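An overview of the molecular structure
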Amino acid sequence: MNTLPPLQLLPAVDVVNGQAVRLLQGEAGSETAYGDPAEAAATWADHGATWIHLVDLDAAFGRGSNHELLARIVRDVPVRIELTGGIRDDASLQRALDAGAARVNIGTAALENPEWTAKVIERFGDRVAVGLDVRGEVLAGRGWTSEGGNLWEVLRQLEAAGCSRYVVTDVTKDGTLTGPNTQLLERVAREANAPVVASGGISSLDDLAALRELVPAGVDSAIVGKALYEGAFTLAQAIEISGEQR
């Protein structure tokens, strides 16, 4: 009997030009397409997901928007949605919240506009998470195409602002199925007062078991993408390893 607290799973649905895709190390042009994102989200919900991580990659790269499609998924799929991609100002944030997202994930804006981010954190509390996309100890922004400062310095600023949650991605791991960077995740969780969502590299049930070991340290959730789409394991198997979903 596993006495560890459960690890919350968020199957990822990344959208480019109306299609569900996965990228390799976050690079535009490296997409593998997986069909209709609304179907993907509904499938994960049917298979036991209670959260979905829904990403507008066109908005993240600053080359368009899939907002209407994403809003329809939020409306039609009966689970909580963490929505991210291109949320950089009051208008895009309000649009995401108005669509019904349970939580929005701010990435680039946290690096480029920390004053605005601090105000948003104060106003919306746990409905706002901040994405920390990392190469080594350097943060990446603009769909991972620009550098955004030192991870630990930015983390200190966000802690001072009262950030309620961090989504931490090792960019070099994302979409590679080479295992998550557990050392990075554990260190961020120990340095921060807020919980951490692990993202990037999950390839096996052993990886999920390793992340569940970090739940007491503050890594309470994990985004699972390519491994599910490629059939490395089923969502049912992932839930069995990760514990009861809430």
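Read on for an overview of the structure. Just so you know, the residues in each chain are numbered from 1, in the order the chain's sequence is written. In keeping with the model being predicted, local features are shown solely for residues with a pLDDT of at least 70 and side-chain atom pairs are shown and tallied solely at 80 or more, while totals for entire chains, interfaces and linings include all residues. With hydrogens and water set aside, each side-chain value is computed from the structure's full complement of heavy atoms.

**Considerations on the overall build of the protein**
Worth spelling out the cut-off: Numbering goes from the N terminus for both helices and strands, where a helix is a DSSP run of H or I of at least four residues and a strand is a run of E of at least two. As a reference, a globule follows 2.2 Å times the number of residues to the power 0.38, and the radius of gyration itself is taken over C-alpha atoms. Contacts were defined at the residue level, with two residues in contact if any of their heavy atoms lie within 4.5 Å. A 1.4 Å probe and the Shrake-Rupley method give the accessible areas. Residues count as covered only by the protein chains that appear here. In this count, Lys and Arg are taken as positive residues and Asp and Glu as negative ones, while His and the chain termini are left out. Charge coordinates come from a single atom per side chain, which is NZ of Lys, CZ of Arg, CG of Asp or CD of Glu.
The helix and strand tally for the protein stands at 11 helices and 12 strands. The C-alpha atoms of the protein give 16 Å as radius of gyration, which agrees with the globular expectation for 246 residues (18 Å, within 12%). Dimensions along the principal axes, computed over C-alpha positions, put the protein at roughly 45 × 40 × 30 Å. Taking all contacts inside the protein whose residues are at least 6 apart in sequence as the whole, residues at least 24 apart take part in 71%. Carbon and sulfur atoms form 45% of the exposed surface of the protein, whose accessible area is close to 10,400 Å². Placing the 21 positive and 34 negative side-chain charges of the protein at their respective mean positions leaves the two points 3 Å apart.

**Some remarks on the packing of helix α9 (residues 205-212) against helix α11 (residues 235-242)**
The relative placement of two packed helices comes down to the angle between their axes together with the axis-to-axis distance. Going by this rule: Inter-axis angles, ranging from 0 to 180 degrees, are taken between N-to-C directions of lines fitted to C-alpha atoms, where helices are fitted over the stretch in contact. Oblique is the label for any angle not covered by the other classes, which are roughly parallel (under 35 degrees), roughly antiparallel (over 145) and roughly perpendicular (65 to 115). Crossings are classed by handedness, with left-handed meaning an anticlockwise turn of the near helix from the far one by less than a right angle and right-handed meaning a clockwise turn. Gly falls in the polar group here, along with every residue not listed as nonpolar (Ala, Val, Leu, Ile, Met, Phe, Trp, Tyr, Cys, Pro) or charged (Asp, Glu, Lys, Arg).
Packing of α9 against α11 leaves a shortest axis separation of 9 Å and a crossing angle of 30°. When the axes of α9 and α11 are compared, the pair comes out roughly parallel. Where α9 crosses over α11, the two elements pack in a sense that is right-handed. Together, Leu205, Leu208, Ala209 and Arg212 of α9 and Gln237, Ala238, Ile241 and Ser242 of α11 make up the contact between the two elements. Broken down by class, the residue content of the contact of α9 with α11 amounts to five nonpolar, two polar and one charged.

**Let's talk about the packing of aromatic side chains**
Aromatic rings in a pair are described by how distant their centres are and how their planes are angled relative to each other. The condition that has to hold: Side-chain rings of Phe, Tyr and Trp, where Trp is taken by its six-membered ring, are said to pair if the distance between their centres is within 6.5 Å; with planes under 30 degrees apart they count as stacked, over 60 as edge-to-face, and otherwise as tilted. Definition used: whenever NZ (Lys) or CZ (Arg) falls within 6 Å of the ring centre and also within 35 degrees of the ring normal, the charge is taken to sit over that ring.
In the structure shown here, the tally under the stated rule is one aromatic pair. Sitting over the ring of Trp51, Arg103 keeps its end group 4.3 Å from the ring centre. When the ring centre of Trp152 is taken as origin, the NZ or CZ atom of Arg187, which lies over that ring, is 3.8 Å away.

**A few points about the side chain of Glu159**
Rule in force here: Exposure is judged per residue with a 1.4 Å probe applied to protein chains only, and the accessible area is read against the type maximum: over 50% gives exposed, under 20% gives buried, and values in between give partly exposed. Salt bridges, as used here, are contacts in which a Lys or Arg side-chain nitrogen is within 4 Å of a carboxyl oxygen on Asp or Glu.
The residue Glu159 is located in helix α7 (residues 151-161) in this model. Although buried, Glu159 forms no salt bridge, and the nearest oppositely charged side chain, Arg156, lies 10 Å from it.

**Quick notes on unusual backbone geometry**
With a phi close to 50°, Asn17 is a non-glycine residue in the positive phi region. Structurally, Asn17 can be placed in the loop between β1 (8-16) and β2 (19-22). The class for Asn17 is exposed, based on a relative accessible area of 66%.

**Concerning helix α8 (residues 182-191)**
Our working rule: Working definition: the arc comes from the directions between the helix axis and the C-beta atoms, pointing outward to the latter.
Along α8, the residues classified as buried are Leu184, Leu185, Val188 and Ala189. For α8, the angular spread of the buried residues around the axis is 130°, confining them to a single face. Turned more than 90 degrees off the buried face of α8, the exposed positions are Gln183 and Arg190.

**Brief notes about empty space enclosed by the protein**
How we decide: Buriedness of a pocket was judged along seven lines, with at least five required to meet protein on both sides within 12 Å; pockets are open sets of points on a 1 Å grid over the protein atoms alone, cavities are sets where a 1.4 Å probe fits but cannot get out, and lining residues have an atom within 4 Å of a point. Grid points are joined across faces, edges and corners, and a volume is the space filled by probe spheres set on the points.
Taken as a whole and judged by the stated rule, the model has two cavities of 30 Å³ or more. By volume, the second largest cavity is sized at about 50 Å³. Together, Val168, Thr169, Asp170, Pro180, Asn181, Leu184, Leu185, Ala198, Ser199, Gly200, Ile202 and Leu211 line the second largest cavity. Broken down by secondary-structure element, the contributors of at least two residues to the lining of the second largest cavity are β10 (166-170), α8 and β11 (196-199). Broken down by class, the residue content of the lining of the second largest cavity amounts to seven nonpolar, four polar and one charged.

**Description of the environment of Arg63**
Mapped onto the secondary structure, Arg63 falls in the loop between α2 (57-60) and α3 (67-76). The sequence separation of Arg63 and Val16 amounts to 47 residues, and the corresponding C-alpha distance is 10.0 Å.

**Some details on the layout of surface pockets**
By rolling a water-sized probe across the atoms, one finds the places where empty space is left. Volume-wise, the largest pocket comes out at about 160 Å³. Every residue lining the largest pocket is counted, 14 residues in all, and those nearest its centre are Asp56, His67, Gly85, Ile87 and Arg95. Contributing elements (two or more residues each) for the lining of the largest pocket: α3, β5 (80-84) and α4 (90-98). If you tally residues by element for the lining of the largest pocket, the top one is α4, at three residues. Here the residues of the lining of the largest pocket sort into five nonpolar, seven polar and two charged.

**Looking at the nonpolar core**
Our working rule: Here, nonpolar core refers to any group of buried Ala, Val, Leu, Ile, Met, Phe, Trp, Tyr and Cys residues whose side-chain atoms link them within 4.5 Å.
Judged by nonpolar contacts, the single largest core of 70 residues is most densely connected at Leu9, Val13, Trp44, Leu54, Leu132 and Tyr166. Tallying contributions element by element places α7 first for this core, with five residues. Ignoring sequence-local partners within four residues, the contact set of Leu54 consists of Val13, Val15, Leu70, Ile73, Val74, Ile81, Glu82, Leu83 and Thr84. Within the second largest apolar cluster, seven residues are counted, among which are Leu10, Trp51, Ala129 and Val197.

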